Each structure stands twice: as structure tokens, then as C-alpha cells.
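The residues making up each chain are set out below.
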Amino acid sequence: MIRFLVYLGLLGLAVAGAVWLADQPGGVVVDWQDWRLETSVPVLLGGVLAFGVLLALALGVLRFLGRAPSILARARRERRRVMGYQALTRGLVAVASGDAAEARSLAKRAEALLGDPPLTRLLLVQAAQLDRDLPEVERQLEAMLETSETAPLALRGLIRQASERGDLPAALGHARRAYELRPGAEWAIEALFGLLAKTANWSEAHALLDRAAKRGLVERETARHRRAAVLVELARASATADHARSLFEKAHELAPDLAPAAMGAARKLGEAGKTGKAERILERAWSAMPHPGLAKSYLALKPDQDNVRQVLRLEKLVAARPDHPESRLALAEASLAARLWGPARGHLTPLLEDAPSLRACRLMAAIAEGEGQAERARQWLDRALAAPPDPVWLCRACGTASLDWQALCPRCGGFDSLVYDVPFRALSSLASTAPPEALPAP
Ligand SMILES: [Zn+2]
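Residues numbered from 1 in each chain as written. Predicted model: local features only at pLDDT ≥ 70, side-chain atom pairs only at ≥ 80, totals over all residues. Heavy atoms only, no water.

Participant: Looking at this model, I keep getting lost on the nonpolar core. Mind explaining?
Facilitator: Note on soluble globular proteins: their nonpolar side chains tend to be buried together. Within the largest apolar cluster, 75 residues are counted, with the highest numbers of intra-cluster contacts made by W202, L282, L314, L317, W405 and F415. If one sorts the elements of this core by residue count, helix α10 (residues 220–237) sits on top with eight residues. Viewed by domain, this core spans two of them, domain 1 (219–303) and domain 2 (305–389 + 424–442), each represented by three or more residues. By size, the runner-up hydrophobic cluster in this structure holds 17 residues, among which are L329, A332, L336 and L351. (Core = buried A, V, L, I, M, F, W, Y, C linked by side-chain atoms within 4.5 Å. Buried < 20%, exposed > 50% of the residue type's maximum accessible area, 1.4 Å probe, protein only. Helix = DSSP H or I, 4+ residues; strand = E, 2+ residues; numbered from the N terminus. Domains from an automatic or database assignment.)

Participant: It is not clear to me how the domain arrangement of the chain should be interpreted in this structure. Could you clarify?
Facilitator: Domain assignment breaks the chain into domain 1 (219–303) and domain 2 (305–389 + 424–442). With 16 residues of domain 1 at the interface, the matching set in domain 2 holds 14 residues. Across the domain 1 to domain 2 interface the summed buried area is about 1,300 Å²; carbon plus sulfur atoms make up 62%. Per-residue buried area on domain 1 facing domain 2 is highest for W286, Y298 and L299; these three make up 42% of the total on that side. Taken together, the connections running from domain 1 to domain 2 amount to two salt bridges. A salt bridge links R313 to E279, with the shortest nitrogen-to-oxygen separation between them at 2.7 Å. Connecting domain 1 to domain 2 are eight residue pairs in polar contact (both at pLDDT 80 or more). Looking at the side of domain 1 that touches domain 2 residue by residue, the classes come out as twelve nonpolar, one polar and three charged. (Contact = heavy atoms within 4.5 Å. Buried area = accessible area lost by both parts, 1.4 Å probe. Salt bridge = Lys/Arg side-chain N within 4 Å of Asp/Glu carboxyl O. Polar contact = N/O pair within 3.5 Å; in protein donor to acceptor, adjacent residues only side chain to side chain. Nonpolar A, V, L, I, M, F, W, Y, C, P; charged D, E, K, R; others polar.)

Participant: Got a minute to help me understand the packing of aromatic side chains in this structure?
Facilitator: For any pair of aromatic rings, the description consists of the separation of the ring centres together with the inter-plane angle of the planes. Summed over the entire model, instances satisfying the criterion amount to three aromatic pairs. Measuring from ring centre to ring centre gives 6.1 Å for W202 and F415, while their planes differ by 40 degrees; the resulting arrangement is tilted. With W202 in helix α9 (residues 202–214) and F415 in the loop between β4 (401–402) and β5 (418–421), this residue pair connects regions lying 213 residues apart in the sequence. Among the aromatic residues, ring-to-ring pairing joins F193, W202 and F415 into one connected group. (Phe/Tyr/Trp six-rings, centres within 6.5 Å; stacked < 30°, edge-to-face > 60°.)

Participant: Looking at this model, I keep getting lost on the sheet that holds β5. Mind explaining?
Facilitator: Paired through their backbone hydrogen bonds, the strands of a sheet run either parallel or antiparallel. Pairing is antiparallel across the open sheet formed by three strands, whose spatial order is β4-β3-β5. The two strands at the open ends of the sheet, each matched to only one other strand, are β4 and β5. Relative to β4, strand β3 (residues 392–395) runs antiparallel, the two sharing two bridges. Bridged to W393 within β4 is S402. (Pairing = 2+ DSSP bridges.)

Structure follows, in C-alpha cells:
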């Protein structure tokens, strides 16, 4: 509105000026050599104005002609860019639909149009992955390392490639580089930690966990259990007994439910004559997670005690979890060793209601045999053949069962993946719902 008013004002002034000029008397005479021009002032001014406008127009046209090549080039570049991105998009669609050849040809077209290798290399990597052309995948990933933006992505791919072909040193090298580039990235920490564990670089793994936990990059509970597992492995590898003991104790402090930590600490404390402390550690571990190894360690602390005394000692160990099946089995086993048949059967009786486990059946057979009931013992041994298994160390990742705990799954190499659980849970639950066998309850 204001601009319109200003424009209107200027127009009014111009009209007033023109009217004033037209009203002025007099003329202009120009004499130049043989040429003479006679005219009035308004006509001359009008002529000068018209000449100025024509000159400005001519200059504008000349300037446009001068800039035309660069405008055309820009338009061409823009068109190529659009076509390049179209090729890239179609390439991604080709990858998604599993057409590697089409993806590769579109990647090449996109690269020719865009001249941006990092972007198109991603597509070439995916096309090569579709073809399972691993050397080509690695070649493209190595090329992506040259650009800082794509280097972390390339390292991630290279770690996976090297791990898949079992070249752990190469994978570890890539993981170290990835962690240097992205020390705050969860994937870089996970990759490096996993490879340090797989290659048994326990000290470095422990230091990495510490750093990551302090920065809040690993969840607190996960970090706690992982540190305990690493400490157990460090303790097992330790050359000096005192150092090993302190590492086992630290591991037990961090994870009382990790039986191997408590068992290691108890063994070392026992060797150093600190039986009382060893017992307290095993009792704490039992209350966190009962495990038969803890009972064995507890009994081994005082090997010269008679079997009846050992039963009394075990009652103290399991005091915090008296109804846990492991507590009943441990007491039954100790009572059996002390030839206390009645109490041994008494401990097992609550476990016989559902499908008793292999261990319970074998213990019942041993009790029957101890009591001189050979036929009943045989029946229990028969029943043991079909009994559900007892808990073992079971890998959460691959399902492999192991008798001993290790920080690494012996099959899949998963770290801290072993849990004390019943294998083939589905099988055992089937067994527990099966019709009761024709065996009378002893
Ligand atoms: Zn596993």
C-alpha cells in the first residue's frame, strides 16, 4: 500500500514536471559542422530519455548474452544432478528387490552423473552383498575408508566381513579404528568389546568397559555383570594367587549370582586359610543363585569333617533358600554320603511331585540301593532314562549346553551369554505334562 502511494506520488511529480516543461517557451538549436537541429526543450528531453531507455535495453541484452553460457551450464548441471539422484533412488529400489545387476548399472550411472563416489559406493557395496561377491564388497568398503563421512560405515562393514570369514585379528584392527573414530558410538564399543573378549584381551576389555561405563555408554547392569565375567577370566589367567583371589573377590562383589566368581574366591581364600570368609562368600552366592558347584566348594573348604558334620554345614549354606530345588538336591546328596537314607529321601520328596529330574531320579536310586531295595533302585534308574535334564550352563545366544562356565560361549563365542538353566525347556515342560508313569511313589 505504501509502495503504491509512493509510486502514485512519483507519477504525479513526473506528470507535473512534463506539463511545466511543455508550458516553457523557447527552443534549442544545435549547430554542428553542416548539421543543424532546431527543436523545443521538451522534445529534446524526450529524445534524450528515449535514447537512455534504448541504451539500457541494449546493455541488458548484451549482459544476458554474456552470461548465457554459465546459465546454460548450471541448468545442465542441475539436470544431471536430478537424473543422478533418480538413478540412485532406482538403484536402492533395485537392491531392495534383489536385482544386483540393475543396482550395479544404476550405481555406475549415478556416479557418472553425480561424480560423488561415496554415495554411489554404498549402492555398489549393497549390490556386491546381494551377489555374495565378498572381495568386491571389501574393495568398495576399503574405498569408502578414504572419505571421513563414510569411514565409520565402512569400518562397520569391514568388521562384519572379517568376523564372518573368521579373521579375528583383522576384525579387531577395524574395530579399534572404528572406536578411535567414534568413541561415543554404542556400536563401536560393542564391536570392539566383543572382539577383545573373543581374542581373550581381557585387560583391554576391562579398561574399555570401565571407560564406557563411566561415560554412561553401557547400561549399568550390563556393565556390572560384564565386568564380573571379565574379572573371573582375568583371575583364572592370573599368575599370582593373591592377585587371582582379589580379582575373584571383586567379581563376586559385582555379581553375587555369578557362581564361578564365588567358587574361585572361595578356593583361593581356602588355600590362604581364610575359611570363614570363603564360607560367607559361598553363602551369599547361594542366596543369590544356588548352584551345585557352590555346595561342592563349601564342602571342600573343610575336607576332613565327617559326613554328618558336612550335612549340618550344608544346612547353613542353603539356609537362605531352603525350598530351592538345588538346596534340596545338595542336602539329599550330602545326606546320602552320610548314609542318612530317611533324611535324604525327605529332602527329595517335594521334588518328586512333578517330573523329577535326572539327578533326583539317580539320587532316589542310590537311596533305594543303600536301603537294599535293588528292584526299586532299578525302577528309579529306568525312570532316570526319560527324566527331564537338570540345569546346566546354557548359551542364551546359541543354546549350547556346557558343564563349566566360561565368559565366552565355546560354540558361538558370545560373551557373558551362559546362564544356569534347564536345557530344552520345551522338552522338559512336555515331560512334566506327560501322563504319570506306572511307577508307584516309593
Ligand atoms: Zn553360544
